[in-house]
Amino acid sequence: MKHTYGYARVSTREQKEDRQMIALMEMQVPEKNIYMDRQSGKDFKRPMYQCMVEQLQEEDLLYVKSIDRLGRNYEEILEQWRMLTREKKVDIVVLDMPLLDTRRGKDLMGTFLSDIVLQVLSFVAENERSNIRQRQREGIEAARRKGVRFGRPKKELPDNFDTAFAGWLSGELSCRKAAELCGMPVSSFCRRGKEKRGNGVMEEMN
């Protein structure tokens, strides 16, 4: 073994990386060799991950806290795992799953068992994410049926909106002038007018 590395990932700025960092340091990973991305795990186009991969050499050791910190896409996790272990000949240890330690069982059976465990874990992780997304969609749909609105609440229209909008439709006011009278951006004026009056014809700005 030449060098020891660690990889950590959090999906958002609000998430904390403390548990991952503590676990990696407990494995005696030098702080300068710990790479961390604050980015979704949907793919491996992450700057710090790519930088780390460039540094890895044969017989180096890579620690990750859990398999979902490496990534969240089943097929890409397998592809990256095989690239690291077979092409770059790096050892990988997943701390939360002792069976995923490529230092053990370098023979054909050891490699086979490691691949099987990895595929099962990756499938379970991706299946759970699919279930979460499905539950979220169902929850949103149920809330909408109850009249719950999502997104920012719309601003109240100014008192003179109807008058200005009618003046624009009749040709007495240009769209820009009508919007100015209402203290609104032209695009917002036209959009809100269309919502209020249905699919009325939105003429070009004068």
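Each chain carries its own residue numbering, running from 1 in the direction its sequence is written. pLDDT decides what is reported in this predicted model: residues at 70 or higher carry local features, side-chain atom pairs at 80 or more are listed and counted, and totals for whole chains, interfaces and linings draw on all residues regardless. The side-chain values count all of the structure's non-hydrogen atoms but skip hydrogen atoms and water molecules.

What about the sheet that holds strand E4 (residues 91–94)?
And then number 1: Reading across the sheet, the four strands line up as E2-E1-E3-E4 and stay open at both edges, with parallel pairing between neighbours. Across the chains shown, the open sheet's two edge strands, defined by having one partner strand only, are strand E2 (34–38) and E4. Each adjacent strand pair in this sheet contributes to an overall mean axis angle of 20 degrees, direction not counted.
And then number 2: Between any two strands, at least two bridges found by DSSP are needed for them to pair. Secondary structure elements are taken from DSSP: a helix is a run of H or I of four residues or more, a strand is a run of E of two residues or more, and numbering for both begins at the N terminus. Taken together, the four bridges between strand E3 (residues 61–64) and E4 define a ladder with parallel strand orientation. Within the sheet, the bridge partner assigned to Tyr63 lies in E4 and is Val93.
And then number 3: Residue contacts are counted whenever heavy atoms from the two residues lie within 4.5 Å of one another. Axes here refer to lines fitted to C-alpha atoms; in helices the fit is confined to the stretch in contact. Angles between the N-to-C directions go from 0 to 180 degrees. Taken strand by strand, helix H1 (residues 18–26) contacts strand E1 (4–10), E2 and E3, and its axis lies near 170 degrees from that of E1.
And then number 4: On the sheet, helix H2 (residues 47–55) packs against E1, E2 and E3 and is oriented at approximately 155 degrees with respect to E2.

Considering the state of the cysteines
And then number 1: Only a pair of cysteine sulfur atoms within 2.5 Å counts as a disulfide in this structure description. Under the definition given, this model contains zero disulfides.
And then number 2: Free cysteine: Cys175, not disulfide-bonded; nearest cysteine sulfur from Cys190 at 3.2 Å.
And then number 3: The class of Cys175 is buried, set by a relative accessible area of 0%. Burial classes: relative accessible area under 20% of the type maximum marks a residue as buried, over 50% as exposed, and values in between as partly exposed (1.4 Å probe, protein chains only).

Description of H2
An α-helical segment advances 3.6 residues per turn. Residues three or four places apart therefore align on the same side.
And then number 1: Looking only at H2, the buried set comprises Tyr49, Met52 and Val53. Mapping the buried residues of H2 onto a view down its axis gives an arc of 100 degrees, with all of them on the same face. Projecting away from the buried face of H2 at angles above 90 degrees are the exposed residues Pro47 and Glu54.
And then number 2: Where H2 is buried, its residues touch E1, E2, E3, helix H3 (67–70) and helix H4 (74–87). Comment: arc refers to directions from the helix axis out to C-beta atoms.

Details of the side chain of Lys65
And then number 1: Looking at where Lys65 falls in the secondary structure, it is placed in the loop between E3 and H3.
And then number 2: A polar contact is formed between the side chain of Lys65 and the side chain of Asp96, at a distance of 2.7 Å.
And then number 3: With sequence-adjacent residues up to four places away left out, Lys65 is seen in contact with Arg19, Gln20, Ala23, Val94, Leu95 and Asp96. Here a polar contact means two N or O atoms within 3.5 Å. Within protein one must be a hydrogen donor candidate and the other an acceptor candidate, and residues neighboring in sequence count only if both atoms are side-chain atoms.

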